[in-house]
Amino acid sequence: MRAERKKTRLLEPSDVRVPGRAPRWIVPTVKGALLIFDALAAAFSFIAAFTVREHTSAFLSNQTFAWSREFAPYGALLIFVVCIRLLTLRYVDLYRIRGEFSFVDEGLRVFKATAIGSLLIVAAAFLYRGGFTFRAFSYARGVFVYDFVLALVTIGTVRFLMRTVQIVVRRRQVNLIPTLVVGRGPEASFCIREMREHPELGYRVIGIVDITNNGGTSTYEGVPVVSDLSGLPDAIRDSGANEVIIADPQVNSDALFEVMIRCGRRRGVEFRIAPSLFNCLPRKTEIDQIGVLPMIRLFREPLSSGARLVKRASDLLLSGLAISLLFPIWLLIALFIKLDSKGPIFYTQDRVGMDGRLFLLYKFRTMRAGADPELHKEYQRAFIAGRAEANLGDQDKPTYKILADPRITRVGKYLRRLSLDEVPQLFNVLMGDMSVVGPRPPIPYEVEAYEVWHRKRLDMKPGLTGLWQVSGRNRLPFEEMVRLDLFYIENWSLLLDLKIILRTGFVMLGGEGF
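In what follows, the accompanying structure is described. Treat the numbers as computed from the prediction; the structure is a model and nothing was measured.

Bringing the pairing of strand 5 (residues 243-246) into the picture now. Covered by surrounding structure in strand 5 are E243 and I245 together with V244 and I246, the residues of both alternating faces. Bridge count between strand 1 (residues 177-182) and strand 5: four bridges; the pairing is parallel. Within strand 5, the position partnered with V182 by the bridge is I246. Relative to strand 6 (residues 270-273), strand 5 runs parallel, the two sharing four bridges. From the neighbouring strand, E243 faces strand 6, where its bridge partner is E270.

Here it is as structure tokens:
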């Protein structure tokens, strides 16, 4: 078998093994240092919270490490405070420093750990009460409130600094996980390019595993082909790979499962699947039973009535608040638009909303008045059809967007770069035609070119921002955009909306317009 595989590729798996750029003790040392910093941050926050609330020192004036009489009941809790903080941080997986991360997810996990920890600390305080010594003592609630705020800031700052340093280190090709990608095709190609262009994600693709068994080329996207699927266990062992990403929907599930059983848990290798539209079930499923037959029932509606109510309430709150805060900026934008070119301040256009209903969408005008839409129509037809000419970039950096559009005004270029032209859609959110987060609202002539499965993205209200806008934007082909929209529809939650909104802020500040 090994001799046969040598004929179809240039490299053996052992040839792509990447030597370590740092000693093995670095990662455990960083985790240990992080644990110490978190313990110190927890202790400092609790002591500082007492000092701020009671306006007195926690220590005796003539002794550095002796508690004052006022702090003594709180000092009896300090060991519980530190242990609870460390355990909750471990519970939300904040000591994992390998693999991908985002500042938004990290911040949310810090908030979750701090909030849960504070609730447990309050419970411990009022149940334990410092033992028999302080059983009649009444703790000040304000101390626990200040402790929550200070712990959130200090632990969050430690995590921010650590992740910032980690990004710098990863861009120097250190602390990257050697990874094998299974399959060839659009999903595999996008996966490889994304990891190559963004080493801060924490992965280095060292080899391709081909599932076709037809020989073919010895490289794919500049990465050597090292094995076929049957030789994956040997490829993992010889290449030193720590993760395997399945990025081809045509992979034989039985053969893959056999490989995972043979080498996954025993060798400590993680398998990840980049699911395509048709080979995964949505998360929102219910298990029923008909007689003795278990059945999986998919949700017929994307959102339950309660979820729709929650989403609508959050839309009204966020859009009303945003309109109030951004109104002065609206006036400045309106002035710049009028000074730059003739025409109205706002641009209105028919868009297709939920269930195919038409509505009038509002935007700041970024094109010259009376601009011919035919250029955009022709491009969108090519984009939806997946034709090669829709990619106006190159193979390494694809761009699915009209570049140097002559119809765009000078002010319009800046508004689009910062995505400020989309802000008037907050009125559409207030009127109920759109949501703050959702699929991109299509134009009627775009929907006319849809295939049947594309129309599933019309099952939810379109959004001012969405998963597609913060997950690749104009670097993704149309079908990937639809898959992301469908993933969002099937996996909606208020927390997912919050993550997308926070990431949208970073995208706007980075000038990566939608």
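Core analysis: the largest hydrophobic core is formed by 36 residues, its most contacted members being F46, F71, Y74 and F144. Counting residues per element, the ones that place at least two in this core are helix 2 (26-54), helix 4 (78-91), helix 5 (103-128) and helix 6 (141-170). The leading source of residues in this core is helix 2, at nine residues. When sequence neighbours within four positions are dropped, the list of residues in contact with F46 reads F71, Y74, L78, V81, V143, F144 and D147.

Topologically, T409 is positioned in the loop between helix 11 (374-385) and helix 12 (410-417). Here D340 takes part through its side chain, which lies 3.4 Å from a polar atom of the side chain of T409.

What follows covers the packing of helix 4 against helix 5. Their axes nearest at 9 Å, the elements helix 4 and helix 5 cross at an angle of 145°. For the pair helix 4 and helix 5, the crossing hand works out as right-handed. Two secondary-structure elements touch here, helix 4 through F80, V81, I84, R85, T88, L89 and Y91 and helix 5 through A113, T114, I116, G117, S118, L120, I121, A124 and Y128. Here the residues of the contact of helix 4 with helix 5 sort into eleven nonpolar, four polar and one charged.

Below, the discussion takes up the environment of C83. Among the secondary structure elements, C83 is positioned in helix 4. The class of C83 is partly exposed, set by a relative accessible area of 38%.

Our next topic: the environment of G505. Here G505 shows up in helix 16 (residues 494-509). In this structure, the C-alpha to C-alpha distance between G505 and L418, residues 87 residues apart in sequence, is 9.9 Å.

Time to look at helix 4. Relative to the 20 Å expected for 14 residues at 1.5 Å per residue, helix 4 spans 20 Å between its end C-alpha atoms, a close match to the ideal helical length. Its buried side turned inward, helix 4 meets helix 2, helix 3 (72-75), helix 5 and helix 6. Note on helix 4: the residue one or two positions beyond its end, D93, has a positive phi of about 65°.

Here we take up the pattern of salt bridges. Under the counting rule described, the total for this entry stands at 25 salt bridges. Ionic pairing is found between D105 and K499, a salt bridge with its closest N-O pair at 3.5 Å. Remark: K499 occurs in helix 16 and D105 occurs in helix 5; sequence separation between them is 394 residues. K499 sits in the partly exposed class, given a relative accessible area of 24%.

This paragraph deals with the packing of aromatic side chains. Here the structure, examined in full by the defined rule, presents 16 aromatic pairs. What links up through ring pairs into an aromatic cluster is the set F46, F50, F71, Y74, F126, Y139 and F144. Here the guanidinium or amino end of R159 rests over the ring plane of Y95, the centre of that ring lying 5.2 Å away.

Let's shift gears to the environment of L152. Mapped onto the elements of the fold, L152 is located in helix 6. For L152, a relative accessible area of 25% corresponds to the partly exposed category. When the C-alpha atoms of L152 and A113 are compared, they prove to be 8.9 Å apart, with 39 residues separating the residues in sequence.

The strands that make up a sheet are held in pairs by hydrogen bonds between backbone atoms, and each pair lies either parallel or antiparallel. The six strands lie next to each other as 3-4-2-1-5-6, forming an open sheet whose pairing is mixed. With one partner strand each, in any of the chains shown, strand 3 (219-220) and strand 6 form the two edges of the open sheet. One ladder, built from six bridges, connects strand 1 with strand 2 (residues 203-210); its direction is parallel. Residue T179 lies in a different strand from strand 2, and its bridge partner there is V205. On the sheet, helix 8 (residues 232-239) packs against strand 1, strand 2, strand 4 (223-228), strand 5 and strand 6 and is oriented at approximately 160° with respect to strand 1.

Burial within strand 4 is extensive, with six of its six residues counted as buried. Inspection of the sheet shows strand 2 paired to strand 4 by three bridges, in the parallel sense. Looking across to strand 4, one finds that D210 is bridged to D228. Sheet topology note: the strand 3/strand 4 ladder contains two bridges and is antiparallel. Within the sheet, the bridge partner assigned to Y220 lies in strand 4 and is V223. Counting the residues that bridge the hairpin from strand 3 to strand 4 gives two residues, and of these E221 lies at a positive phi of roughly 55°.

A positive phi angle is found at D93, which is not glycine, with a value near 65°. In this fold, D93 is placed in the loop between helix 4 and helix 5. The phi torsion at D355 lies on the positive side, around 60°, for a residue other than glycine. Inspection of the secondary structure assignment puts D355 in the loop between strand 9 (346-352) and strand 10 (358-364).

What counts, and where the lines are drawn
Residues numbered from 1 in each chain as written. Predicted model: local features only at pLDDT ≥ 70, side-chain atom pairs only at ≥ 80, totals over all residues. Heavy atoms only, no water. Buried < 20%, exposed > 50% of the residue type's maximum accessible area, 1.4 Å probe, protein only. Helix = DSSP H or I, 4+ residues; strand = E, 2+ residues; numbered from the N terminus. Pairing = 2+ DSSP bridges. Core = buried A, V, L, I, M, F, W, Y, C linked by side-chain atoms within 4.5 Å. Contact = heavy atoms within 4.5 Å. Polar contact = N/O pair within 3.5 Å; in protein donor to acceptor, adjacent residues only side chain to side chain. Axes fitted to C-alpha atoms, helices over the stretch in contact; angles between N-to-C directions. Left-handed = near helix turned anticlockwise from the far one by under 90°. Nonpolar A, V, L, I, M, F, W, Y, C, P; charged D, E, K, R; others polar. Expected span 1.5 Å × (residues − 1). Salt bridge = Lys/Arg side-chain N within 4 Å of Asp/Glu carboxyl O. Phe/Tyr/Trp six-rings, centres within 6.5 Å; stacked < 30°, edge-to-face > 60°. Lys NZ or Arg CZ within 6 Å of the ring centre and 35° of its normal.

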